[in-house]
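# Structure at a glance
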Amino acid sequence: MNEKISAAPTKDFFISMLTRDISLLSSIIDLVDNSIDAAVATGDYVGKYVEVKLSDSQFEISDNCGGISLNAAENYAFKFGRPTDAPPSPHSVGRFGVGMKRSLFKIGANFSVVSHHSDSSFQVKVDVNEWMNEGGEWTFDIENIPPNSDKGTSIIVKNLHQSVANNFVDSVFTELLIETIEKAHYKIIKQGFEIRVNDVTLELKDIEIFSSNDIGISGKEVTFDEITVTIKAGIGERDYHAGGWNILCNNRLIEKENKGKLTGWGLDGIRAYHPDFAFFRGIVEFSSEDGIDLPWNTTKTGVDTDNPVYLSTLVHMKNVMRPVLELLKDRAKEKESFDKDLIDETPINDALNRPTKESLFEVAIPTKFLRPQLELVTQEITHRRISYNVKDGILQEVKDSLGAGSNKKVGELTFGYYVENEL
Amino acid sequence: MSIPASGDRINYSLRPAKSVERKMLKDIFSSLHPFGSVSEYKYIGFGSKYFSDFKLFHRALHINDMISIERDKENSDKYEFNKPFECVQLELGESNDVLSRMAFKKKFIAWLDYDTAINKGMLVDIEILIENLYPGSIILSTFNSVPFRIVKLQEEFKDEDSTHSELLRKKLKNLVPSEFVPRDIPKKKLASPQVYSSVVKLIFENKINSALLQKNAALSEQEKWKFAQLVYFNYKDGADMSTLGWIFYQNKDLESFNNCAFNSLDFYKNATDPYQIDIPNLTIKEIRFLQESMPLPEGEIDREKIPLKIYSDEDVFSFSKVYKYFPNFMDIEIA
């Protein structure tokens, strides 16, 4: 018997698998990423924006970032998985070819995408339930529409999933979304790109460190084939939560304030994260024309720890963090010695008490980590303790003879007696 | 209670096996020229207050960039006073800490001349050095290789049923991260420093392999790092000690490595068995006489020349291995 068994997935199985691994938060950020990628392609962020609006009945995201070309729509944007012969989108965040579809399926059951690009204007409208019932056909209908002078993309999702609608009216969810996008897209916002969520314009969230004539940063730049990696670590304000490593791939933050083994803490002689290290600020920026080699997972919510580039980079990260942690250990020691009156000067703590702060992203990598030295405690030992046991009977006799009130006093007086009479 | 720094206990200059070892290492380092001028290396050592290694390597190899790591911070003035040359820089602190803050910037020879048994700090030092490698760098590690006796281990673990091999494995897992302890520890001759040091050697090699695996993960074939063992000495001035040394290079430097021709030195050891440095107990007169018969023709002792009643086989063979490096009394260091 030689019959073939069809291994093609059903649409509903495919959608449920596809949307399982991504959080709602990440799927919205993925859509923001798409707008940013479109802006990157135009070469300029200034005047560009993306706007997200959440309500219990619909989700809307619109931008003026140039739209989707017809070619991209037909070959990548609506295709599941990115064809291997697809041209690389330089320094883009989207790379896996699942982003937009996955996000839309995650949010609701009815979506429309309207795009005005310089080469064409089109819209794609999908009722997901109908589409699933169509059975074997894996196609979306694309419809040409009259062009508009404002080039950009606008997506509306209706028929929201119940849990999604619940989140969209929850102010905590919105705050979390704002905070996450602010951190994830720090670099883009800094370059003038505007992101709005429910009419709130997102703010610049910088990573600031002390930088002056006596304290600097530690850092390295390394390359692996096409990938450039910039690693920097410095000292910021004491903040337990803000301490740790931040990892960016093509300007997109994928790992925030990491304090675990993933970024070297507690490995190979580096101590585990600890309140003394709450001053530590680290950033690792991976940058490449082709995003596929970057060490991010497909949801862009973390590092792919098996990625060889990440493994090699971790060696450099450990090396960059060691001198900074060494300084922070010294800072704690210095404070302790000062509190005990063992030293008079606190050059390290003084350096961390100044207002001069700079963005860690902006500071150039120095050849050597500049730092104040720890003042050595050179107190001489003037007294030492001796202790010994004697028989109780004779101790009482000596105690009475001396008129001493305690055993300690007996010891001091008898020692003094020897010094006076025998030395 | 404070532990006296080892400099207070033993004058390194007077330890004959150590002195022979130093001179042999000097010859190894002299062979490094295919990687560039030897004088351009950075030397990192534990100079104590005698700085014997610093004196030899500065004079013989013209190395000027020298760093002595000294953990005994309280007596820093004493070490500073004893520095033999201006170019020696004293760095106070534990080796882990000093190496963490050090700016490397070039190839180095780091001789981590510990006097204790293996511990996790030694592996951390190796890790940090590997993070900072430049092709042609050398790492040497000297450690106390007095074997852990079975009775001591039984007492420590209150376990009289397990074998020496099992107990030693347990002990080593307490001393270093357990993933580096080999699963197959020999069952025989664990009381001998040769066998015990070979187990410790495996721990170091596991550490180096794992650190290089990570470092190499994203590197191209030509850029990948390799290491080769250069020395494996066992000796005994008082306690049993072992020294392991490795050179690190990238695949693209294979030719430079081959051109070093380390195997032309007879104490070059890339194998599993150690090169034993034994100092025979001979008088000056005996030494002078015996030296006239060196090197031994075809490695055989001519008993017509070398009387059996004066020289044992063992002494003659030991002497034949070290006579070129033998401490002689004209060599006493006065400066």
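The next point concerns the sheet that holds strand 7 (residues 240-250) of chain B. Residue and element names in this part refer to chain B. Read from one edge to the other, the open sheet built from eight strands follows the order 3-2-1-4-5-7-6-8, with strand pairing classed as mixed. Edge positions in the sheet fall to strand 3 (88-92) and strand 8 (275-277), since each has one partner strand and no second. Neighbouring strand axes in the sheet, compared pairwise and without regard to direction, differ in orientation by 20° on average. Pairing between strand 6 (residues 225-236) and strand 8: three bridges, direction parallel. Along strand 8, the bridge assignment pairs Asn-234 with Gln-276.

A few words on the interface of chain A and chain B. If you look at the interface, chain A gives 20 residues, while chain B gives 19 residues. For the pair chain A and chain B, the summed buried surface comes to about 1,800 Å²; carbon and sulfur atoms form 52% of the total. Summed over the three residues of chain A that lose the most area to chain B, namely Val315(A), Arg322(A) and Glu326(A), the buried surface amounts to 27% of that side. Scanning the region where chain A abuts chain B turns up five salt bridges.

Interpretation of this model should avoid reading the predicted coordinates in detail wherever pLDDT is low. All names here are of chain B. The predicted model of chain B averages 90 in pLDDT, with 93% of residues at 70 or higher. Looking across chain B, the model is least confident in helix 10 (residues 284-291), with a mean pLDDT of 87, and most confident in strand 1 (residues 42-45), with 98. Counted against residues more than four places away or in other chains, residues 1-13, with its pLDDT under 50, gives 23 contacts. Two summary scores accompany this predicted model of the complex, namely pTM at 0.76 and ipTM at 0.75.

A pair can form between side chains of opposite charge whenever their charged atoms are brought close. Residues and elements named next belong to chain A. Per the stated rule, a full pass over the model turns up 35 salt bridges over all chains. Taking the shortest distance from any N to any O, the salt bridge between Lys-357 and Glu-208 comes out at 3.8 Å. Of the two residues, Lys-357 sits in strand 15 (residues 357-359) while Glu-208 sits in strand 9 (residues 208-210), which places them 149 residues apart along the sequence. You can call Lys-357 partly exposed: its relative accessible area is 31%. For Lys-335, the salt bridge identified is with Asp-339, shortest N-O distance 3.0 Å. Here Lys-335 pairs with Asp-339, and both are found in helix 9 (residues 308-339), just four residues apart, close to one helical turn. Taking the relative accessible area as the measure of exposure, Asp-339 reaches 52% and is therefore exposed.

Below, the discussion takes up a negative patch on the surface. On the surface, Asp225(A), Glu226(A), Glu289(A), Asp293(A) and Glu223(B) cluster together into a patch of negative charge. Within the element layout of this structure, Glu223(B) appears in the loop between helix 8 (193-216) and strand 6. For Glu223(B), a relative accessible area of 31% corresponds to the partly exposed category.

Conventions and cut-offs
Residues numbered from 1 in each chain as written. Chains lettered and ligands numbered in written order. Predicted model: local features only at pLDDT ≥ 70, side-chain atom pairs only at ≥ 80, totals over all residues. Heavy atoms only, no water. Pairing = 2+ DSSP bridges. Helix = DSSP H or I, 4+ residues; strand = E, 2+ residues; numbered from the N terminus. Axes fitted to C-alpha atoms, helices over the stretch in contact; angles between N-to-C directions. Contact = heavy atoms within 4.5 Å. Buried area = accessible area lost by both parts, 1.4 Å probe. Salt bridge = Lys/Arg side-chain N within 4 Å of Asp/Glu carboxyl O. pLDDT = per-residue confidence, 0-100. Buried < 20%, exposed > 50% of the residue type's maximum accessible area, 1.4 Å probe, protein only. Patch = residues over 30% accessible without salt bridge, like charges linked within 9 Å, V, L, I, M, F, W, Y side chains within 5 Å. Areas by Shrake-Rupley, 256 points an atom, 1.4 Å probe, with all protein chains shown as cover. Lys, Arg positive; Asp, Glu negative; His and termini not counted. Charge placed at Lys NZ, Arg CZ, Asp CG, Glu CD.

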